Amino acid sequence: MTKLKLSLAMGNYDRTRAIVDGRVQIDGVDPVPMLLSPEEMFFRAFRHQAFDISELSLSSYSISVARGNPHYVAIPVFLSRAFRHTSVYIRTDKGIETPEDLKGKRIGIAEYQLSANVWVRGILEDDYGVKPSDVIWVRGGMDTAGRPEKIKVDLPSDLTVEEAPEGKTLNEMLAAGEIDGFVGPRWPRCFSEGHPHVGRLFADSIGAAEDYYRRTKIFPIMHVLGVRRSLAEEYPFLPAALLKAFTDSKRLAEEALSDTSATKVTMPFVEDTLNRVQTLMGKDPWSYGVAANAGVLDRFLDYHASQGLSPRRVQIDELFHPSTLEAYSL
């Protein structure tokens, strides 16, 4: 019986590697994997519907669902998650000592609707009383001038969003002190190069994230897996087959990470970090599935609606294919 030959776009992760190298098979599918950056994947997926199966920005996908025109349907496979306390960068010579000091400051963003930025704005408002309207947002490309929003957004009237000057990048502006900070999933190049006046708002970002998790039990979700809605309708087995395969692939990655005989990643203190994470978050910190992540998803969808990105508050069961909302058991 011939398997479906389907294009599959995703990042190059340990949790997906077993699908790429064939150790884990997707039932009924012969995938053609493409390992791409989020920027390229999401632009091609949302502008041109370029892939049969694709990693998707949770924010961009939620916008498409709220507007009633989602080309993809999501599977509760959360390929990217991150505590976004690492994502706020500041000029250290602009009088910014606490999150509250961001009020009235000019903060660069690559796109307003990025999932990381949704989480940061929500955390700043919930925990520190800094509303999105308290900040002047400066939108532009990080290293290439003129980056467009991948999805057109209609933002609330009380927001101030400026475009970066023509020909200028946010990295150049931050390095020159023309903006007071930057929020985004990637660190700005001037920070990684050691600029003397560019640092993180949360100097102890791990401590801040641990405190946040203790209080909220939220490990923020950035990306989901999506499959063409037309394919899911034609082949009803496909969504559950994807959830099964990606779950199996993640399990293999977790088993390898727990093998302390020889470190599987190029990073010191792996065993200690893993123990620290599991002490805080339990044995399955990077969980898939809707039930284990309902609180996280609800918080994100609340933020998404309150920040004006979705024209209505989306419900969790609207995001995911019905066959992936439950699983069989023995």
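Rules used throughout
- Residues numbered from 1 in each chain as written.
- Predicted model: local features only at pLDDT ≥ 70, side-chain atom pairs only at ≥ 80, totals over all residues.
- Heavy atoms only, no water.
- Domains from an automatic or database assignment.
- Contact = heavy atoms within 4.5 Å.
- Buried area = accessible area lost by both parts, 1.4 Å probe.
- Salt bridge = Lys/Arg side-chain N within 4 Å of Asp/Glu carboxyl O.
- Polar contact = N/O pair within 3.5 Å; in protein donor to acceptor, adjacent residues only side chain to side chain.
- Helix = DSSP H or I, 4+ residues; strand = E, 2+ residues; numbered from the N terminus.
- Nonpolar A, V, L, I, M, F, W, Y, C, P; charged D, E, K, R; others polar.
- Pairing = 2+ DSSP bridges.
- Axes fitted to C-alpha atoms, helices over the stretch in contact; angles between N-to-C directions.
- Right-handed = clockwise from strand over helix to strand, strands pointing away.
- UniProt positions renumbered as here; feature names shortened; annotations may be inferred.

As annotated in an unreviewed UniProt entry, the chain carries the name 4,5-dihydroxyphthalate decarboxylase and is attributed to Celeribacter indicus.

Colleague: Please provide a residue-by-residue account of the domain arrangement of the chain, values included.
Modeller: Here the chain is described as being made up of domain 1 (4–81 + 220–324) and domain 2 (88–216). Computed over C-alpha atoms, the centres of domain 1 and domain 2 are 25 Å apart. In this assembly, 27 residues from domain 1 lie in contact with 28 residues from domain 2. Taking both sides of the interface into account, the surface hidden between domain 1 and domain 2 amounts to around 2400 Å²; carbon and sulfur atoms contribute 59%. Across the contact surface, domain 1 and domain 2 share three salt bridges. Across the pair Arg186 and Glu39 runs a salt bridge, and its minimum N-O distance is 2.7 Å. One can count 14 residue pairs in polar contact (both at pLDDT 80 or more) joining domain 1 with domain 2. When residues of the side of domain 1 that touches domain 2 are traced back to their parent elements, those giving at least two are α2 (38–48), α3 (58–66), β11 (221–228), α10 (270–281) and α11 (294–306). Sorting elements by how many residues they give to the side of domain 1 that touches domain 2 places α2 first, with six residues. Broken down by class, the residue content of the side of domain 1 that touches domain 2 amounts to 15 nonpolar, seven polar and five charged.

Colleague: Lay out the sheet that holds strand β2 (residues 29–35) in plain terms, naming residues and giving numbers.
Modeller: Overall, mixed pairing links the five strands, which are arranged β2-β1-β3-β11-β4 in an open sheet. This sheet does not close on itself; its edge strands, each paired only once, are β2 and β4 (72–81). Strand-to-strand twist in this sheet, taken as the mean axis angle between neighbours without regard to direction, amounts to 30°. As judged from the five bridges shared by strand β3 (residues 53–57) and β11, these two strands associate in the antiparallel manner. Bridge assignment links Ile53 to a residue of β11, and that residue is Val227. Together, β1 (4–10), β2, β3, β4 and β11 form the strand contacts of helix α9 (residues 238–258), whose direction differs from that of β4 by roughly 10°.

Colleague: Please set out the pairing of strand β6 (residues 106–109) residue by residue, giving values where relevant.
Modeller: Both β6 and strand β7 (residues 136–139) contribute to a ladder of four bridges, which runs parallel. For Ile107, the partnering residue across the bridge sits in β7 and is Trp137. The handedness of the β6 to β7 crossover, carried by helix α4 (residues 115–128), is right-handed. Here β6 runs beside strand β9 (residues 181–183); their pairing, made up of two bridges, is parallel. Across the sheet, Gly108 pairs through a bridge with Phe182, a residue of β9.

Colleague: How would you summarise the sheet that holds β9 if you had to cite specific residues and measurements?
Modeller: Ordered in space as β8-β7-β6-β9-β5-β10, the six strands form an open sheet in which the pairing is mixed. This sheet does not close on itself; its edge strands, each paired only once, are β8 (160–163) and β10 (198–200). Recorded for the sheet is a direction-independent mean angle of 30° between the axes of neighbouring strands.

Colleague: Describe the UniProt feature "domain: SsuA/THI5-like" (unreviewed entry) in the chain, with residues and values.
Modeller: Residues annotated by UniProt as "domain: SsuA/THI5-like" (unreviewed entry) correspond here to residues 86–145. The span residues 86–145 carries 23% helix and 20% strand; its end-to-end C-alpha distance comes to 24 Å.

Colleague: Pulling in residues and values, what's your account of the environment of Phe246?
Modeller: Mapping Phe246 onto the fold places it in helix α9. Considered as a pair, Phe246 and Ile107 are 139 residues apart in the sequence and their alpha carbons are 37 Å apart. Those residues in contact with Phe246, other than ones at most four positions away along the chain, are Leu8, Met10, Arg15, Thr16, Ile19, Ile26, Val77, Leu79, Leu225 and Tyr288.

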